[in-house]
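Structural overview
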Amino acid sequence: MYICPVCGKNLKPSKNVCRCRNGHCFDIARNGYINLLTTKGRNPKKAGDNPLMVKARSSFLDKGYYRPLAVKAAEIIKALLNGKEQPVIIDSGCGEGYYTSFYACELKNAEIYGIDLSKSAVSHCAARSRQNGLANVSFAVASAFELPFRALSTDLIVSAFAPVSNDEYTRVLKKGGFLVIISPAARHLYGLKSVLYDEPYENRPNAYGLRKFAKIQEEEITYSVTLSSNEDIRNLFAMTPYFYKTPEESGSRLEALEALETECSFLIEAYRKK
Ligand SMILES: C[S@@+](CC[C@H](N)C(=O)[O-])C[C@H]1O[C@@H](n2cnc3c(N)ncnc32)[C@H](O)[C@@H]1O
Ligand SMILES: [Zn+2]
């Protein structure tokens, strides 16, 4: 299914590498993922989320705080694919694989690919899916802006809180294929922001510049959670963009908290490729 990121020819697995017919060769890591990130213009060690962010997100998500979102997203994806026999799904910017693994469990007949720019995130994905014995999911280190998949090969792309590429999603999706984008709704984590900021603000909608897609569905899912330990609060903070833009003094307000109630509010938008 993967194509060579250098020449675009099909990659074929053999033992612990994948090779194209032009001799470009990529290692398959011991836990099963493949690194298809070309290094031109970037330092792969610094690409995407760092190991600390991956660990924070993974510890937080594994507690189930965002499970209602995973359930709803899987339900929407299933309905869009409408019984298709062996649909190909890409989770673009899959992070450490919490949702990817959830989709793989819920859509047993689907062939699922998770890609992310961060090697530590993808390594975690691969380990998680092995542990869960998931046979219908594969992971690669790659960019959403240079997807290692053939044109018109994919039935559905899902992107949660990750960069969106109009051009690559248009190239890779089949005609009539679906794009599902999950993003924070206006009052997502308002309780957390009320602790951090004297004047908390609501999130603004994202503009994706999706020229080749028509919106067909939009759902908001909102609920309240109580984080029951300081560790969970710190992990949530570390997986948000606020972690990097909040002054230290405001961030330290979280240190004394042992519990925090906050809204979780997500927007799930579905588009069809024109
Ligand atoms: C906020 S996290 C969301 C991860 C996951 N979808 C989730 O909801 O748990 C954003 C992810 O996008 C990845 N990312 C950033 N730029 C990317 C790109 N150009 N291509 C693919 N992934 C990218 C980061 O490494 C990170 O894992
Ligand atoms: Zn090649």
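So, a few notes on the structure that sits alongside this text. (Residues numbered from 1 in each chain as written. Chains lettered and ligands numbered in written order. Predicted model: local features only at pLDDT ≥ 70, side-chain atom pairs only at ≥ 80, totals over all residues. Heavy atoms only, no water.)

1. Examining the site of ligand 1
- Neighbouring ligand 1 are 19 residues, the closest being Asp49, Gly93, Asp116, Ala144 and Ala160.
- One of the backbone N or O atoms of Leu117 is found 3.3 Å from a nitrogen atom in ligand 1.
- Within the contact set of ligand 1, a nitrogen atom lies 2.8 Å away from a backbone nitrogen or oxygen of Ala144.
- With the chains in place, 87% of the 600 Å² that ligand 1 exposes on its own is no longer accessible.
- Looking at side-chain class alone, the shell around ligand 1 contains 11 nonpolar, 5 polar and 3 charged residues. (Near = heavy atom within 4 Å. Polar contact = N/O pair within 3.5 Å; in protein donor to acceptor, adjacent residues only side chain to side chain. Areas by Shrake-Rupley, 256 points an atom, 1.4 Å probe, with all protein chains shown as cover. Nonpolar A, V, L, I, M, F, W, Y, C, P; charged D, E, K, R; others polar.)

2. A short note on helix α7 (residues 230-238)
- Of all 9 residues in α7, 7 are buried; the element is thus mostly enclosed.
- Those residues of α7 not exposed but buried are Asn230, Asp232, Ile233, Asn235, Leu236, Phe237 and Ala238.
- Structurally, α7 contributes buried residues whose contacts are with α1 (51-61), α6 (190-196), β10 (213-227), α8 (242-245), α9 (248-251) and β11 (260-273). (Buried < 20%, exposed > 50% of the residue type's maximum accessible area, 1.4 Å probe, protein only. Helix = DSSP H or I, 4+ residues; strand = E, 2+ residues; numbered from the N terminus. Contact = heavy atoms within 4.5 Å.)

3. Structural notes on the pattern of salt bridges
- Inspection of the entire model under this criterion finds 16 salt bridges.
- When the shortest N-O distance is used, the salt bridge between Asp232 and Lys63 registers 2.7 Å. Linking Asp232 in helix α7 with Lys63 in the loop between α1 and α2 (67-81), this pair joins segments that are 169 residues apart in sequence.
- For Arg211, the salt bridge goes to Asp167, with nearest N and O atoms at 2.9 Å. Taken together, the positions of Arg211 in the loop between α6 and β10 and Asp167 in helix α5 (residues 166-172) put the pair 44 residues apart, joining distant regions of the chain. This pair shows no difference in class: Arg211 is exposed, exactly as Asp167 is.
- What you see here is one network of salt bridges that share partners, running through Asp62, Glu96 and Arg128. (Salt bridge = Lys/Arg side-chain N within 4 Å of Asp/Glu carboxyl O.)

4. With respect to the coordination of the zinc ion (ligand 2)
- Protein coordination at the zinc ion (ligand 2): the donors are Cys4 (SG), Cys7 (SG), Cys20 (SG) and His24 (ND1), at 2.1 to 2.3 Å from the metal.
- Coordination at the zinc ion (ligand 2) is tetrahedral: its 4 donor atoms span angles of 100 to 118 degrees at the metal.
- Read from N- to C-terminus, the donor residues coordinating the zinc ion (ligand 2) fall into the pattern C-x2-C-x12-C-x3-H. One end of the pair, Cys7, is in the segment before β1 (12-14); the other, His24, is in the loop between β2 (17-19) and β3 (25-27), and 17 residues separate them in sequence.
- A relative accessible area of 30% means that Cys7 is categorised as partly exposed.
- Assessed through its relative accessible area of 26%, His24 is described here as partly exposed. (Donors = N, O, S within 2.8 Å, 3.2 Å for Na, K, Ca; no water. Tetrahedral: all angles 85-135°; square planar, octahedral: opposite > 155°, others 65-115°.)

5. As for the pairing of strand β6 (residues 111-116)
- When you tally the buried positions in β6, you get 5 out of 6 residues, the bulk of the element.
- As defined by bridge partners, strand β5 (residues 88-92) adjoins β6 across 5 bridges and the pair is classed as parallel. Of the residues in β6, the one forming a bridge with Asp91 is Gly114.
- Assessed by its sense of winding, the connection that carries the chain from β5 through helix α3 (residues 98-106) to β6 is right-handed. (Pairing = 2+ DSSP bridges. Right-handed = clockwise from strand over helix to strand, strands pointing away.)

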